[in-house]
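# Geometric and topological summary
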Amino acid sequence: MSPFYIEFRDPLFGVIIFFALVFIITISSYWWTKYKSKEKTKNLDKFLKDFKVAPTTKELKLLISKGEMSEKSWILLAKLYSKNGDYEKSIEIYNELIEVTDKSNVSEMMYLLGGTYFKAGFLERSKKVFLEILKNNPRLPRVLYDLVLVYEYMKEYNLALEVLEPLDELKNDISLDSLYLKILKILNESDLSNELKAYELLELYKVRGNLTYMIFEFLFRVNPKLAWDNLDGSKSELLTDIFWHIDKKDLDFDIISNNGYLRELYSARGDIQEVSRSSVFEFDVLINLDKKVQTTLSFEYICDNCKNISPFVFNRCGNCHAIDTSAIGITLVKDFHRDFSEENNSFQ
Ligand SMILES: [Zn+2]
């Protein structure tokens, strides 16, 4: 017998077969993985090629009806279009999906469509879509909240307040939303004089003490005396930018000298010289500079809820739509106004 011949029953034969099988499985698994990954890349390339240029409405119809891509993927794509500002394409996708999707998903697709219409500024269409959803499911809080938002943007404050009623029945806390809408309603009342508006706003303020900025911004603008008389000193920080911009003739120095924060603020602005230090860094710098450098304050507004920063003041966050969440950020900046007025004076 040849020394290389291994008998069938030899235990070595079993070992060789075992390793041969392991080898074959490893090789085939490697090639299978490589093949699948190549296929995936091919599909992805095809997909990206299709969307390098946004598909036309006709192409979209065809692509969606073919059903080659899952609804989830289409929704992701629609959201991506919307995020990039291409609301038209996003709306087209949702409209097509509503045509082909299962009946149980229609309401969800319509909700997404309504939201995109809102973002795109098509308020009337957005309203219609939300009302249509609520026709079949009148107790959907997120749709009701979005409809409130649409009515608010349409300045239909009575309708917005009406939509809050079912939310209240569903045990949602609507007190802040209700107060906010009532304030907006008063501010936009064309038949009401500013004096009457101011008194009505104060009545609302006395009930809850919320939305201080929204109410006092108006009061200080139309009736500074009434504003000073009703000011809750503990909320002075919320109104920092308003105080900073009030005309010197409208200041109430009795109230200012009895309020630590306002004493520091107006010492920093240079109207009084009652303090030599401040716990607020920016005020402290200005007090110590004593007008030697052309510096003033600049403000930005941060949402306490989503941390979004805006250069403009807001009572409802434009990003997360939360109400009364704005906090003021202060920065020291070069005073261009002072530069300008000094240049003008130099020509005299
Ligand atoms: Zn926010």
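Report follows, based on the coordinates. Nothing here was measured: the structure is a model prediction, and the numbers come from that model.

## Focus on the overall build of the protein
Tallying secondary structure elements over the protein gives 17 helices and three strands in all. Contacts spanning at least 24 positions in sequence make up 43% of the contacts within the protein whose residues lie at least 6 apart.

## Considerations on the packing of helix α4 (residues 87-100) against helix α5 (residues 106-120)
One way to put it is that α4 packs onto α5 with a least axis distance of 9 Å and a crossing angle of 160 degrees. Between α4 and α5, the angle falls in the class roughly antiparallel. In this structure, the crossing between α4 and α5 has a hand that is left-handed. Between α4 and α5, the contacting residues are Y87, S90, I91, Y94, N95, L97 and I98 on the first element and V106, M109, M110, L112, L113, T116, Y117, K119 and A120 on the second. Of the residues contributing to the contact of α4 with α5, the split by class is twelve nonpolar, three polar and one charged.

## Some details on the packing of helix α8 (residues 157-169) against helix α9 (residues 175-187)
Where α8 meets α9, the axes come as close as 9 Å, and the angle between the chain directions of the two elements is 165 degrees. Classed by the angle they form, the pair α8 and α9 counts as roughly antiparallel. In the crossing of α8 with α9, the sense of the turn from one axis to the other is left-handed. From α8, Y157, A160, L161 and L164 reach across to α9, where they touch D177, S178, L181, L184 and K185. Here the contact of α8 with α9 is composed, by residue class, of six nonpolar, one polar and two charged.

## Considerations on the environment of R277
Looking at the element boundaries, R277 is found in the loop between α15 (260-269) and α16 (281-289). Exposure remark for R277: the 10 C-beta atoms within 10 Å place this residue in the exposed category. Sequence separation between R277 and N288 is eleven residues, and the spatial gap between their C-alpha atoms is 7.6 Å. Contact partners of R277, with chain neighbours within four places excluded, come to D284 and I287.

## Overview of the pairing of strand β1 (residues 295-303)
Of the pairings in the sheet, the one linking β1 to strand β3 (residues 326-334) comprises nine bridges and is antiparallel in character. Residue pairing across strands places L297 opposite L332, the latter belonging to β3. As paired strands, β1 and strand β2 (residues 309-310) are joined by two bridges and run antiparallel to one another. Bridge pairing links Y301 to S310 in β2. Joining the antiparallel neighbours β1 and β2 is a turn of five residues, in which K307 adopts a positive phi near 65 degrees.

## Digging into the sheet that holds β2
Taken in spatial order, the three strands of this open sheet run β2-β1-β3, and their pairing is antiparallel. Two strands lie at the open edges of the sheet, namely β2 and β3, each paired on one side alone.

## Some words on helix α11 (residues 212-222)
Among the residues of α11, those classed as buried are Y213, M214, I215, F216, L219 and F220. Where α11 is buried, its residues contact α9, α10 (194-208), α12 (224-230), α13 (240-245) and β3.

## Considerations on the nonpolar core
As a rule of thumb, nonpolar side chains are buried together in soluble globular proteins. Ranked by internal contacts, the top residues of the largest apolar core, which has 45 residues, are Y94, L113, L147, I183 and I215. Here this core takes seven residues from helix α7 (residues 141-153), the largest share from any one element. Other than its neighbours up to four places away in sequence, I215 contacts I183, L201 and Y205. Y261, L262, A268 and F283 belong to the second largest nonpolar core, which has eight residues in total.

## A short note on unusual backbone geometry
Non-glycine residue L211 carries a positive phi angle of around 50 degrees. Here L211 is to be found in the loop between α10 and α11. By C-beta crowding, L211 is classed as buried, having 20 other C-beta atoms within 10 Å. A positive phi angle is found at D324, which is not glycine, with a value near 60 degrees. Tracing the sequence through the fold places D324 in the loop between β2 and β3. Residue classification places D324 among the partly exposed positions, given that 19 C-beta atoms sit within 10 Å.

## Some details on the environment of N158
Among the structural elements, N158 can be located in helix α8. Assessed through the 9 C-beta atoms surrounding it within 10 Å, N158 is described here as exposed.

## Observations concerning the environment of F312
Positionally, F312 belongs in the loop between β2 and β3. With 9 C-beta atoms packed within 10 Å, F312 lands in the exposed category. In this structure the C-alpha to C-alpha distance between F312 and Y301, which are eleven residues apart in sequence, comes to 6.6 Å.

Definitions and limits used
- Residues numbered from 1 in each chain as written.
- Predicted model: local features only at pLDDT ≥ 70, side-chain atom pairs only at ≥ 80, totals over all residues.
- Helix = DSSP H or I, 4+ residues; strand = E, 2+ residues; numbered from the N terminus.
- Contact = placed C-beta atoms within 7 Å.
- Axes fitted to C-alpha atoms, helices over the stretch in contact; angles between N-to-C directions.
- Parallel < 35°, antiparallel > 145°, perpendicular 65-115°, else oblique.
- Left-handed = near helix turned anticlockwise from the far one by under 90°.
- Nonpolar A, V, L, I, M, F, W, Y, C, P; charged D, E, K, R; others polar.
- Buried ≥ 20, exposed ≤ 12 C-beta atoms within 10 Å, placed from the backbone.
- Pairing = 2+ DSSP bridges.
- Core = buried A, V, L, I, M, F, W, Y, C linked by C-beta atoms within 7 Å.

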